[in-house]
Amino acid sequence: MITLEKREAPSRFWGVATPFVAVLLTMIAGAVMFAALGKDPIAAIRIIFWDPIFSEQFASYSRPQLLVKAAPLILIAVGLSLGFRAGIWNIGAEGQYIIGALCGAAFGLAFYPSESVLIFPGMVLAGLFGGWLWAMIPGVLKTRFGTNEILVSLLLVYVAEAVLASAATNWLRNPDAMGFPGSRNLARHPGTDNPELIAGTGMHWGVVAAMIAVIAAYVVLNRHVVGYQIRLSGQAPRAARFAGVNASRMVLLCLGVSGALAGAAGLFEVSGPGGQISIDFNVGYGFTAIIVAFLGRLNPIGILFAGLLMALTYIGGELAQLMLGIPAPAIQAFQGMLLFFLLALDVLSTYRIRLTARRVAA
Amino acid sequence: MIDPVTLAVALIVASTPILFAAIGELVVEKSGVLNLGVEGMMVIGAVTGFIVAVETGSTLLAMVAGMLGSMVLAAIFGFLVLILLANQVATGLALTLFGLGLAALLGVGYPGQPVPVPLDLFPPPISEWPVVGPVVFGHPPMIYLSIALVVLVWFVLGHTRAGLVVRAVGESHDAAHALGYKVVRVRFLAILFGGACAGLGGAFLSVMRVQNWIEGMTAGAGWIALALVVFASWKPWRVLFGAYLFGGISVLQLRLQVAEVGVPVTLLSASPYLMTILVLVLISSSRVRTHQGAPADLGKVFHAGR
């Protein structure tokens, strides 16, 4: 009979190994899924994971896309990971991403057609503020009234989408677009644009911000008392309380940081790769970032690599759609599967699997 | 401007998917498990139900398929959280993300396909009575099933031995285990029941209410169902009341959008979600620190072999 025996301390080996095993298992399960769709499974896996980087035909386009897609994922996931470590579940990053983008874009457009160099920094601040503000709603409701932050943050995504719809068709609409929805193009206007910093790399200010966030989160988690308090709140909430950690402050801090980072990610997207506020500019980075956070084991450095890998599946997924006609949602199911395998394999790091003879109760 | 009879009919139809999902989740949570994957299970139920309705032309088979489809997802969730002891919050989220992706994948090519029109339970002379006809008697059997399910859950949970075991497992799995109850088995069955209910809700939504498959068509209904369970303080009758309240708001806001009253459309289309948040706030603030009737071991991992 198979039994689970709790380890005294989580296994370090499995802690590092699970993401790799999970990716491998997802590839196998994904291959089965593609085969079930009537596509060549080996080719599909190769196109998703190999061709975007190494194929001569596609790499010149795909490689820069890697940073473009990874940046928002990493930026959001780093913020989310702080809360997830402390047992504070912000799952509404998608909404904070939208509101951040709206605030940032609104700031930039308010000064249109100014081309001042001060506009873009202001837009970034507005984006951070918008995301922070949207995340403060579940934060304040939780600390004041004890309302569940999971449900509130998620429900606010739908509210944010309603706000976005009105912005794109009404108050942020391009007055020169003859009634078409969508704002002015921010990326093609000097002053409000978030340009590619080094040609051909996909590097833009969002990538820089993601790098800073990774380093800052690493330092805070490992070298600062706040990082210690976050980890303590998650692992031993009672001990944290006795150690004088203010639970409400933790909630507001974790939600605020993750919201601000998600808002900034949204702003970098609409002013750069996205170009403008449109009714559906958000493509679910806020939700995929949850997978990225777990795949990176809630560790900033891990999230860096997880974000790049998840960006690869986006790009590879588009390529597979083009080459093999694999439907676009397949990649979303694929990403969801990855999270399942990760969570399933986590058992190996906290428990030891023992084969024992079945004992008969005396 | 707005006819109260058609409004009431629309309200009942709009509430039923949420009601199914919420009553299922209530049982799951009573057994001590928090399944945040309701949205994912619903959407899978919606797509499998719709596919079977298109392919077979039978609404009955469609409902069964929707139920089975989300029970598969529920079983994956149960295996992960009960056998592999995975984190329930994260696994529930995974279920929703995976369910939305898989449903979109399965549904490729199905939007706009015709499905059979569901028949009403009562024949025309009865359902054509003024007011009570359309409101009380003019519905397909699924509507009556949803209400019967509330009665059944209320009775079984509160008045039978099986219900007592479910509640015992949810309140204290260690004590229930010491008494010899099979905690994992009870919880697994509860999770499957929750899956079946969410699937029925989803299949009802696509096959009977909207009569179409649209990607992501549940649009947060699963999350509203989760909020409803909290709102109802884990009491079946209040789930019924809450579901009809929210159904009423979502129907009313649609009518108001059409009627072009002075309220901004943004506010109207966000109103079901805003109202859910508002109600959550009121419920949590009125009885702070008493846990509002939540099962004591809700969301905790049970591991017997120590």
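All values reported here derive from a predicted model rather than from experimental measurement.

The rules behind these values
Residues numbered from 1 in each chain as written. Chains lettered and ligands numbered in written order. Predicted model: local features only at pLDDT ≥ 70, side-chain atom pairs only at ≥ 80, totals over all residues. Heavy atoms only, no water. Helix = DSSP H or I, 4+ residues; strand = E, 2+ residues; numbered from the N terminus. Rg over C-alpha atoms; globule rule 2.2 N^0.38 Å. Buried < 20%, exposed > 50% of the residue type's maximum accessible area, 1.4 Å probe, protein only. Contact = heavy atoms within 4.5 Å. Lys, Arg positive; Asp, Glu negative; His and termini not counted. Charge placed at Lys NZ, Arg CZ, Asp CG, Glu CD. Axes fitted to C-alpha atoms, helices over the stretch in contact; angles between N-to-C directions. Left-handed = near helix turned anticlockwise from the far one by under 90°. Nonpolar A, V, L, I, M, F, W, Y, C, P; charged D, E, K, R; others polar. Salt bridge = Lys/Arg side-chain N within 4 Å of Asp/Glu carboxyl O. Parallel < 35°, antiparallel > 145°, perpendicular 65-115°, else oblique. Buried area = accessible area lost by both parts, 1.4 Å probe. Patch = residues over 30% accessible without salt bridge, like charges linked within 9 Å, V, L, I, M, F, W, Y side chains within 5 Å. Areas by Shrake-Rupley, 256 points an atom, 1.4 Å probe, with all protein chains shown as cover. Phe/Tyr/Trp six-rings, centres within 6.5 Å; stacked < 30°, edge-to-face > 60°. Core = buried A, V, L, I, M, F, W, Y, C linked by side-chain atoms within 4.5 Å. pLDDT = per-residue confidence, 0-100.

Engineer: Please set out the overall build of chain B residue by residue, giving values where relevant.
Structural biologist: Regarding its fold elements, chain B presents 13 helices and zero strands. Expected size for 306 residues packed as a compact globule is a radius of gyration near 19 Å; at 19 Å, chain B falls within 12% of this value. By its C-alpha atoms, chain B is 65 × 45 × 40 Å across when sized along the principal axes. For chain B, with 306 residues in total, the buried portion stands at 54%. Contacts in chain B between residues far apart in sequence, at least 24 positions, make up 78% of those at least 6 positions apart. If the 14 positive side-chain charges of chain B are averaged to one point and the 12 negative ones to another, these points end up 17 Å apart.

Engineer: Any chance you could break down the overall build of chain A for me, citing the residues and the numbers?
Structural biologist: Regarding its fold elements, chain A presents 15 helices and two strands. Rg of the C-alpha trace for chain A: 22 Å, near the compact-globule value of 21 Å for 362 residues, within the 12% margin. Taken over the C-alpha atoms alone, chain A extends approximately 85 × 55 × 35 Å along its principal axes. By the burial criterion, 56% of the 362 residues in chain A qualify as buried.

Engineer: Please give an account of the packing of helix H7 (residues 149-171) of chain A against helix H11 (residues 221-231) of chain B that cites residues and values.
Structural biologist: Viewed as axis vectors pointing N to C, H7(A) and H11(B) meet at an angle of 145°, and their least axial separation amounts to 10 Å. For the element pair H7(A) and H11(B), the recorded crossing hand is left-handed. Residues Ile150(A), Leu151(A), Leu154(A), Leu155(A) and Tyr158(A) of H7(A) form the contact with H11(B), whose participating residues are Trp223(B), Ile224(B), Leu226(B), Ala227(B) and Val230(B). Classifying every residue of the contact of H7(A) with H11(B) gives ten nonpolar, no polar and no charged.

Engineer: Outline the pattern of salt bridges, supporting the account with residue identities and numerical values.
Structural biologist: All names here are of chain A. On inspection of all chains with the given rule, the structure shows six salt bridges over all chains. Between Arg-46 and Asp-51 there is a salt bridge, with its nearest N and O atoms 3.6 Å apart. On the basis of relative accessibility, which here comes to 7%, the residue Asp-51 falls in the buried class. Across the salt bridge formed by Lys-69 and Glu-318, the nearest N and O atoms sit 3.8 Å from each other. Here Lys-69, found in helix H4 (residues 59-86), pairs with Glu-318, found in helix H13 (residues 300-324); they are 249 residues apart in sequence, far enough to count as distant.

Engineer: Run through the packing of helix H2 (residues 38-56) of chain B against helix H10 (residues 183-210) of chain B, naming residues and quoting values.
Structural biologist: Residues and elements named next belong to chain B. Contact geometry of H2 with H10 gives a least axis separation of 6 Å together with a crossing angle of 55°. One finds that H2 runs oblique with respect to H10. As for the relative orientation of H2 and H10, their crossing is right-handed in sense. Two secondary-structure elements touch here, H2 through Val-38, Met-41, Met-42, Gly-45, Ala-46, Gly-49, Phe-50 and Ala-53 and H10 through Gly-194, Gly-195, Ala-198, Gly-199, Gly-201, Gly-202, Ala-203, Ser-206 and Val-207. In terms of residue class, the contact of H2 with H10 is made up of nine nonpolar, eight polar and no charged.

Engineer: Report on unusual backbone geometry, specifying residues and quantitative values.
Structural biologist: At the junction of Tyr112(A) and Pro113(A), the peptide bond is cis and its omega measures out at 5° in the coordinates. Locating Pro113(A) in the fold gives a position in the loop between helix H5 (93-110) and helix H6 (119-145). Even without a glycine there, the phi angle at Ala219(B) is positive, about 45°. Topologically, Ala219(B) is positioned in the loop between H10 and H11.

Engineer: Residue-level account of the interface of chain A and chain B, with values.
Structural biologist: Facing the 38 residues of chain A at the interface are 44 residues of chain B. Across the interface of chain A and chain B, roughly 3,400 Å² is buried in total on both sides, 83% from carbon and sulfur atoms. Looking only at chain A, the three residues that lose the most surface to chain B are Leu151(A), Leu155(A) and Phe340(A), adding up to 20% of its buried area. Taken together, the connections running from chain A to chain B amount to zero salt bridges.

Engineer: Lay out a nonpolar patch on the surface in plain terms, naming residues and giving numbers.
Structural biologist: Residues and elements named next belong to chain B. Taken together, Ile-147, Val-151, Leu-152, Trp-154, Phe-155, Val-156 and Trp-237 make up a surface patch of nonpolar side chains, about 580 Å² in accessible area. Broken down by element, the residue count for the nonpolar patch peaks at six residues, all from helix H7 (residues 141-159). Take Ile-147: it is sitting in helix H7.

Engineer: Give a detailed account of the packing of aromatic side chains, specifying residues and quantitative values.
Structural biologist: All names here are of chain B. Under the defined criterion, the tally for this structure stands at 18 aromatic pairs over all chains. Ring geometry for Phe-231 against Phe-241: centres 6.5 Å apart, planes inclined by 25°, an arrangement best described as stacked. Of the two residues, Phe-231 is situated in helix H11 and Phe-241 in helix H12 (residues 236-259); the sequence distance between them amounts to ten residues. Residue Phe-231 is classed as buried on the basis of its relative accessible area of 14%. The exposed category is assigned to Phe-241, whose relative accessible area is 54%.

Engineer: I'd like to hear about the nonpolar core, residue by residue, with values.
Structural biologist: The biggest cluster of nonpolar side chains holds 199 residues, and the ones touching the most others in it are Phe34(A), Leu75(A), Ile76(A), Ile277(A), Trp213(B) and Trp223(B). If we ignore the near neighbours within four places in the chain, the residues touching Trp213(B) are Val43(B), Ala46(B), Val47(B), Phe50(B), Ala103(B), Ala104(B), Gly107(B), Tyr110(B) and Pro111(B). Leu82(A), Ile88(A), Leu221(A) and Val245(A) belong to the second largest nonpolar core, which has 13 residues in total.

Engineer: Which residues make up the environment of Gly100(A), and what values do they have?
Structural biologist: Residues and elements named next belong to chain A. Relative to the assigned elements, Gly-100 resides in helix H5. Residue class for Gly-100 comes out buried when judged on its relative accessible area of 0%. Considering only alpha carbons, one finds Gly-100 and Gly-127, 27 residues apart in sequence, at a separation of 4.1 Å. Filtering out sequence-adjacent residues up to four positions away, Gly-100 remains in contact with Gly-127, Gly-130, Gly-131, Gly-263 and Leu-267.

Engineer: Any chance you could break down the confidence of the model for chain A for me, citing the residues and the numbers?
Structural biologist: Per-chain confidence: chain A averages 89 in pLDDT, with 98% of residues scoring 70 or above. Within chain A, the lowest mean pLDDT, 77, falls on strand E1 (residues 2-6) of chain A, and the highest, 95, falls on H6(A).

Engineer: Provide a residue-level description of the environment of Gly272(A), including the pertinent values.
Structural biologist: Residue and element names in this part refer to chain A. If you trace the backbone, Gly-272 turns up in the loop between helix H11 (247-271) and helix H12 (285-295). Overall, Gly-272 belongs to the buried group, its relative accessible area being 14%. For the pair Gly-272 and Pro-195, spaced 77 residues apart in sequence, the C-alpha to C-alpha distance is 6.1 Å. Apart from residues no more than four positions distant in its own chain, Gly-272 is found in contact with Ala-187 and Asn-194.

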